[in-house]
Amino acid sequence: MPRSSKFTAPLVFIVALIAIWQGLVTFSGIEAWLLPAPWQVAAALKDMLPLLMYHSQSTLLAAVTGLVAAVFLALAVAVLMDSSPWFKRGIYPLLVLSQTIPIISIAPLLLIWFGLGLLPKVIVVALVCFFPVAVSMVEGMEAADPDMVNLLRVMGASNWKIIKTVRFPAALPSFFSGLKIAGTYAVMGAVIGEWLGAGSGLGVFMTRASHSYQLDRVFAAIIVISSVSLLLFVLIILLARLAMPWYFKERSRSND
Amino acid sequence: MGIILEDVGKSYEVDGKRLVVLDGVSAEIGQGEFVSLIGPSGCGKSTLFNIICGLAEPDRGKVLFDGREGVGAGEVVSYMPQKDLLLPWRSLLDNVILAREVDGMNREKARREARELMSLFGLAGFENSYPAELSGGMRQRAALMRTVLARRPVLLLDEPFGALDAITRTRMQLWLLDIWAKFGQAIFFVTHDIDEALLLSSRVYVLTPRPARVALHLEIDLPRPRSAEIVTAPRFLELKKTIMEALF
Ligand SMILES: Nc1ncnc2c1ncn2[C@@H]1O[C@H](COP(=O)(O)OP(=O)(O)OP(=O)(O)O)[C@@H](O)[C@H]1O
Ligand SMILES: [Mg+2]
């Protein structure tokens, strides 16, 4: 398939979707405060762009900081789990359990404890992102070839050296697929945190707009949130290419 | 520095039944010697190697390094397992210096040392390639280079040429003899191939099918240096017949 046609199909679908939406609004005569037309959303997006940019900065800051914190925490836990079976048995059920707690229910608590600043948002994001990153890292490290580990062991390598030279690199492909999922959660987590109370952020912008029934602005904010998530996603893919050139070379060879 | 195996026995528990793999194997590898181990598939050759390098514990018997017990295997042997086990995320150059790096040698210094030896191992120009970009023969040579560069006095090579075609294989065998002469390390070599064992070794141990015992211990008194034509020499054929009688 030539490269240009890769984007043709999704483009057709998006244009069709917008056309259907526009048609629906025009023919049903629905009020703009219930469902604005696409062109109204586009106009709101254009008008509000400077303000939306301002708010995205806080959201992106919370999302990225939380994601980075989650990654470091996950790496630390993965190393501990790898070096102590006892720790692993103890912590694994807790990890799974933590995932079953609805984040929306503890976000208000974080607000009460840590106020309206950046910190509670960062914590919400970190909580949402920690699980996918930690699990993909641990599973990736477990999947490392035991014969490679043995080879290093015969050479007299320490556990830490084995983690650095075999387990971490072997886990990278799995780690990055977890990170991609976490990246899309991150912006969502930040917006949820902002909904509940903040000085700035896309979540704040959205709450204000929906309280005054300016749905065109709500939709404009949704578009910006999607774009910010997409940006993060693309950044993670670029990072993966930088971190594992060998992996993408192997993949492109086997696809030939 | 040599290795002595004294009456080494090992069994595994498989589906609740005891599977005796090694039933008292004794052997000896002297300093700088080339010794081969021949045996049918599944008789326990890799198991014996795992015991020598400390990855498995023998049920009975002893492994002595330089006549002593309790020496760390990692200081004496360098192991080349049946799979090449090159790390896919490391360039060829960084793969072959792995053991030096583990020993605490400065990376740049180890790389410099390895670069100078690349052509000897037929790998010059591929220093920055990843293992997936190399041919089977090259990967095997790279794994061998990694094993030799560890600078241990004894190399354990588990069927290093098993996966290669016949032509590449003969070329690699002769080349291995060069490497052996150059580096002076003792080599303990596992193979299925009688011709290969005869061409390379000074002594050969033949194992019985599982449970493995030494069926035959044979001195290979063929003159060195040896070339590929040696396989047609009368003495070669005599020795081959002796080994075949022990195996079949
Ligand atoms: N960890 C283990 N647990 C159970 N059984 C094992 C284990 N390792 C090896 N065995 C068994 O021991 C026997 C000998 O295996 P080994 O790999 O040593 O044979 P080998 O002589 O190297 O064979 P090949 O020439 O095919 O490589 C086999 O029957 C194998 O199934
Ligand atoms: Mg084997």
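Reference entry: report on the structure contained in this document. What you see is a predicted model, and the numbers here were worked out from it, not measured in a lab.

Definitions and cut-offs
- Residues numbered from 1 in each chain as written.
- Chains lettered and ligands numbered in written order.
- Predicted model: local features only at pLDDT ≥ 70, side-chain atom pairs only at ≥ 80, totals over all residues.
- Heavy atoms only, no water.
- Helix = DSSP H or I, 4+ residues; strand = E, 2+ residues; numbered from the N terminus.
- Buried < 20%, exposed > 50% of the residue type's maximum accessible area, 1.4 Å probe, protein only.
- Contact = heavy atoms within 4.5 Å.
- Areas by Shrake-Rupley, 256 points an atom, 1.4 Å probe, with all protein chains shown as cover.
- Near = heavy atom within 4 Å.
- Polar contact = N/O pair within 3.5 Å; in protein donor to acceptor, adjacent residues only side chain to side chain.
- Axes fitted to C-alpha atoms, helices over the stretch in contact; angles between N-to-C directions.
- Parallel < 35°, antiparallel > 145°, perpendicular 65-115°, else oblique.
- Nonpolar A, V, L, I, M, F, W, Y, C, P; charged D, E, K, R; others polar.
- Salt bridge = Lys/Arg side-chain N within 4 Å of Asp/Glu carboxyl O.
- Donors = N, O, S within 2.8 Å, 3.2 Å for Na, K, Ca; no water.
- Pairing = 2+ DSSP bridges.

Quick look at the overall build of chain A
Turning to step 1, where the next piece is worked out: Along the backbone of chain A there are 10 helices and zero strands.
Turning to step 2, where the next piece is worked out: Reading the secondary structure of chain A in the N-to-C direction produces α-α-α-α-α-α-α-α-α-α.
Turning to step 3, where the next piece is worked out: If one aligns the C-alpha atoms of chain A with their principal axes, the spans along those axes are about 75 × 55 × 30 Å.
Turning to step 4, where the next piece is worked out: For chain A, the proportion of its 256 residues judged to be buried stands at 40%.
Turning to step 5, where the next piece is worked out: Contacts in chain A between residues at least 24 apart in sequence constitute 72% of all its contacts with a sequence separation of at least 6.
Turning to step 6, where the next piece is worked out: For chain A, the computed accessible surface area is about 14200 Å², with 73% contributed by carbon and sulfur atoms.

Points about the site of ligand 1
All names here are of chain B.
Turning to step 1, where the next piece is worked out: Looking at ligand 1, there are 14 residues lining it, with Ser41, Gly42, Lys45, Ser46 and Thr47 nearest.
Turning to step 2, where the next piece is worked out: Within the side chain of histidine 192, one N or O atom sits 2.9 Å away from an oxygen atom of ligand 1.
Turning to step 3, where the next piece is worked out: For ligand 1, whose free accessible area comes to 640 Å², the fraction covered by protein is 65%.
Turning to step 4, where the next piece is worked out: Of all the secondary-structure elements, those providing two or more residues to the shell around ligand 1 are β1 (3-14) and α1 (45-52).
Turning to step 5, where the next piece is worked out: Ranked by the residues each element gives to the shell around ligand 1, the list is headed by α1, at three residues.

Quick word on the environment of valine 77 of chain B
Residue and element names in this part refer to chain B.
Turning to step 1, where the next piece is worked out: Relative to the assigned elements, valine 77 resides in strand β5 (residues 77-80).
Turning to step 2, where the next piece is worked out: Each C-alpha atom of the pair valine 77 and alanine 186 lies 9.4 Å from the other, and the pair is 109 residues apart in sequence.
Turning to step 3, where the next piece is worked out: For valine 77, the residues in contact, after removing those within four places along its chain, are Ile3, Ile52, Cys53, Phe65, Arg152, Val154 and Leu156.

Some details on the packing of helix α2 (residues 38-83) of chain A against helix α8 (residues 202-211) of chain A
All names here are of chain A.
Turning to step 1, where the next piece is worked out: The N-to-C vectors of α2 and α8 enclose an angle of 130°; their axes lie 7 Å apart at closest approach. Between α2 and α8, the crossing angle belongs to the class labelled oblique. Listed contacts from α8 to Met48, Leu51, Leu52, His55, Ser56 and Thr59 of α2 are Leu202, Phe205 and Arg208.
Turning to step 2, where the next piece is worked out: Across the contact of α2 with α8, the residue classes break down as five nonpolar, three polar and one charged.

With respect to the pattern of salt bridges
Turning to step 1, where the next piece is worked out: In total, this model carries 25 salt bridges over all chains according to the counting rule given.
Turning to step 2, where the next piece is worked out: In this structure, the salt-bridge partner of aspartate 145 of chain A is lysine 83 of chain B, at a minimum N-O distance of 3.5 Å. Of the two residues, aspartate 145 of chain A is situated in the loop between α5 (118-142) and α6 (146-155) and lysine 83 of chain B in the loop between β5 and α3 (92-96); the pairing between them involves two chains.
Turning to step 3, where the next piece is worked out: For lysine 83 of chain B, a relative accessible area of 43% translates into the label partly exposed.
Turning to step 4, where the next piece is worked out: Across the pair arginine 203 of chain B and glutamate 33 of chain B runs a salt bridge whose closest N-O atoms are separated by 2.7 Å. Here the residue arginine 203 of chain B occupies a position in strand β8 (residues 203-207), and glutamate 33 of chain B occupies one in the loop between β2 (17-29) and β3 (34-38), the gap between them amounting to 170 residues. The residues arginine 203 of chain B and glutamate 33 of chain B share a single accessibility class, namely buried.
Turning to step 5, where the next piece is worked out: One network of salt bridges, with partners in common, ties together Lys161 of chain A together with Arg90, Glu101 and Arg107 of chain B.

Observations regarding the coordination of the magnesium ion (ligand 2)
Turning to step 1, where the next piece is worked out: In the first shell of the magnesium ion (ligand 2), the protein supplies Ser46 of chain B (OG) and Gln82 of chain B (OE1), at 2.0 to 2.5 Å from the metal. One end of the pair, serine 46 of chain B, is in helix α1; the other, glutamine 82 of chain B, is in the loop between β5 and α3, and 36 residues separate them in sequence.

Focus: α6 of chain A
Residue and element names in this part refer to chain A.
Turning to step 1, where the next piece is worked out: Those residues of α6 not exposed but buried are Met148, Val149, Leu151, Leu152, Val154 and Met155.
Turning to step 2, where the next piece is worked out: The distance from a side-chain oxygen at the start of α6 to the backbone nitrogen of aspartate 147 is 2.8 Å, and the residue carrying that oxygen is aspartate 145.
Turning to step 3, where the next piece is worked out: Two residues or fewer past α6, glycine 156 is found with a positive phi of approximately 95°.

Re the pairing of strand β9 (residues 214-219) of chain B
For a regular strand, side-chain orientation follows a simple rule: the groups alternate between the two sheet faces.
Residue and element names in this part refer to chain B.
Turning to step 1, where the next piece is worked out: Here β8 runs beside β9; their pairing, made up of five bridges, is antiparallel. Residue valine 206 lies in a different strand from β9, and its bridge partner there is leucine 216.
Turning to step 2, where the next piece is worked out: What sits between β8 and β9 in their antiparallel hairpin is a turn of six residues.

These results come straight from atomic positions and should not be treated as a statement about function.
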